[in-house]
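# A closer look at the structure
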Amino acid sequence: MRLRNSVVAALALSSLSCLPLLGQGQSSVKPKPKVVVVGVNGMELDVIRPLLLQGKMPNLSSVIKKGAYGKLRTVSAPNCPRVYSTLFTSTKPEEHGVTGFIVGGITANTNMLKEEPIWSMLSKNGVTVGMANVPATFPVMPVNGYMISGMLTRGKNCEDGVLCAPKLSEVEGGDAVYPSALKAELLKNVGDFYIDCERMPAASDLKGHESEVINAWLSKVQLIRDQQTQMFDYMLDHHPMEFTWLGQSCEDRTGHWLYPIAPYNAGYNPKINAVRTEAFPDQYIAFDKVLGAILKHIDESTYVIIVSDHGIKPLREFEDADPHAHMDHEKTTPVVAKHDFADGDDVPGSFFAIGPGIKHDLRLMGFEASVYDIAPTILHLYGIQQPVQMRGHVLSEIFEGSDKVVAQK
Ligand SMILES: [Zn+2]
């Protein structure tokens, strides 16, 4: 609550109305950079690389050619709220407080954040901020712009908020939209969209109806993605901000139980895993279309950062001893792939960046970039000093003219 109140105070004092005041006589004021971050939950490079080679992800391919990319070192036992809150704050999970889906028996939420998130820092510095469907942003917090929550939003038939999809009108237990007037505008102009991806079906739902349930679930996933894309399109068109962060979460959800594994992999069940072997790769082909829709709003002077919190891999050695290894976070879906391995280096995230002064076709080798580095790098683009609690560094190696400069804190 301390963070929430401090942003409210800063917003009251500063900048919501400052943009219209810029006029004649102030033309020398340098416009702030435009940055769009696209967060993908659980982007797996092993699955993406063959798709890039086959030309099935043309938009991501163009980003790679025009920019810098590589693996992104993540935290141990990575999962979405744990890593996203590190992306927001550049602090350890134990420091920011959002250590997992459930913390002290309560579903992870923004009131738990003990370190200041980047949307608050940017807002205080007069940067306009828009965030939509970004995981672990419920209930929404005041920003110098708008915030629409994402994964872990609570609602009807989704009271715990874990991995389920309330519609905007069904949200309960907190606000999913800031400012509140934006909710009616969205309902009117975008419709009653699903806030997050669909919860995975339980083993009991699947039994005897595998193909039917899988096909219906995948159709719903695409419906949700289409609605999200429409919402992104609307916000980018009608409420452009200097800093925008958009999130996607259906890819990871699909990978957990439909990762295209072979019969020798742990958990293989032909009734499920032989039905739609293209389902998981198809999620990235669909993501690439979303990326294309976002890129239509972007010009040469805009930075685009695509970031994933972790990868996802088939179950592996040591997992047999874990009674929950073959179940999802809710312990009901038979999963064949996961990401919360003790060693986060087993499932690195990924990072792609383009924009003014960012090197072209630069591949970051090893673990040069980590989830701790995203927030400092974004602050750097706006000329904002990295606060002392942040553990990452500015990724200065991705910028032109910094060949020999290894990033420093
Ligand atoms: Zn997951």
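Shown above is the structure to which this text applies.
Let me begin by describing the structure that accompanies this report. Keep in mind that what you see is a predicted model, and the values were worked out from it rather than measured.

Here we come to the packing of helix α3 (residues 45–53) against helix α13 (residues 279–295). Where α3 contacts α13, the two axes come as close as 10 Å, and the packing angle between them is 65°. It follows that α3 is roughly perpendicular to α13 by the angle criterion. Of the two possible hands of crossing, α3 and α13 adopt the one that is right-handed. Note on element contacts: α13 touches α3 through F280, P281, Y284 and I285, opposite V47, I48 and L51. A per-class count over the contact of α3 with α13 returns seven nonpolar, no polar and no charged.

With that settled, consider unusual backbone geometry. Residue F138 is joined to P139 through a cis peptide bond whose omega torsion reads -10°. The residue after Y178, namely P179, is reached through a cis peptide bond having omega -5°. Relative to the helices and strands, P179 is located in the loop between β7 (177–178) and α8 (181–189). Here the phi dihedral of S90 falls at roughly 55°; this positive angle occurs in a residue that is not glycine. With relative accessibility at 0%, the residue S90 sits in the buried group. Phi angles above zero are rare outside glycine, and A136 is one such case at about 60°. Within the secondary structure, A136 is located in the loop between β5 (129–134) and β6 (145–149). Using a relative accessible area of 7% as the deciding quantity, one classes A136 as buried.

For the structure on display, the rule yields two disulfides. For C197, the disulfide goes to C250, at an S-S distance of 2.4 Å. As the torsion about the S-S bond is roughly 115°, the C197-C250 disulfide counts as right-handed. Taken as a pair, C197 in the loop between α8 and α9 (203–206) and C250 in helix α11 (residues 250–258) lie far apart in primary sequence, 53 residues in all. Assigned by exposure class, C197 and C250 land together as buried. Indicated for the chain is the disulfide connectivity 1-2, 3-4, based on numbering the bonded cysteines in sequence order.

Here the focus is helix α4 (residues 58–66). L60, S61, V63 and I64 are the residues of α4 that are buried. In a view along the axis of α4, the buried residues occupy a sector of 160°, so they form one face of it.

Strand order across the open sheet formed by nine strands is β7-β6-β5-β8-β1-β9-β12-β2-β13, with mixed pairing between neighbours. Taken across any chain shown, the strands that pair with only one partner, and hence form the sheet edges, are β7 and β13 (362–364). Across five bridges, strand β2 (residues 68–72) lies against strand β12 (residues 349–354) in antiparallel orientation. Pairing of L72 across the sheet is with G349, part of β12. Sheet strands in contact with α4 are β2, β9 (302–308) and β12, and its direction is about 70° off that of β12.

What follows covers α13. End to end, α13 covers 24 Å across 17 residues, agreeing with the expected 24 Å (1.5 Å per residue, within 8%). Most of α13 sits out of view: 15 of its 17 residues are buried.

This brings us to the pairing of β2. Most of β2 is tucked away, with four of its five residues classed as buried. As paired strands, β2 and β13 are joined by three bridges and run parallel to one another. If you follow A68 over to β13, its bridge partner there is L362.

Tallied over the full model, the rule gives twelve salt bridges. Note that D160 is salt-bridged to R199, the shortest N-O span being 3.1 Å. Placement of the pair is D160 in the loop between β6 and β7 and R199 in the loop between α8 and α9, with a sequence separation of 39 residues. Residue classification places R199 among the partly exposed positions, given a relative accessible area of 27%. Linked by salt bridges that have partners in common, E44, D46 and K313 make up one network.

Basis of the calculations
- Residues numbered from 1 in each chain as written.
- Predicted model: local features only at pLDDT ≥ 70, side-chain atom pairs only at ≥ 80, totals over all residues.
- Heavy atoms only, no water.
- Axes fitted to C-alpha atoms, helices over the stretch in contact; angles between N-to-C directions.
- Helix = DSSP H or I, 4+ residues; strand = E, 2+ residues; numbered from the N terminus.
- Parallel < 35°, antiparallel > 145°, perpendicular 65-115°, else oblique.
- Left-handed = near helix turned anticlockwise from the far one by under 90°.
- Contact = heavy atoms within 4.5 Å.
- Nonpolar A, V, L, I, M, F, W, Y, C, P; charged D, E, K, R; others polar.
- Buried < 20%, exposed > 50% of the residue type's maximum accessible area, 1.4 Å probe, protein only.
- Disulfide = S-S within 2.5 Å.
- Arc of directions from axis to C-beta.
- Pairing = 2+ DSSP bridges.
- Expected span 1.5 Å × (residues − 1).
- Salt bridge = Lys/Arg side-chain N within 4 Å of Asp/Glu carboxyl O.

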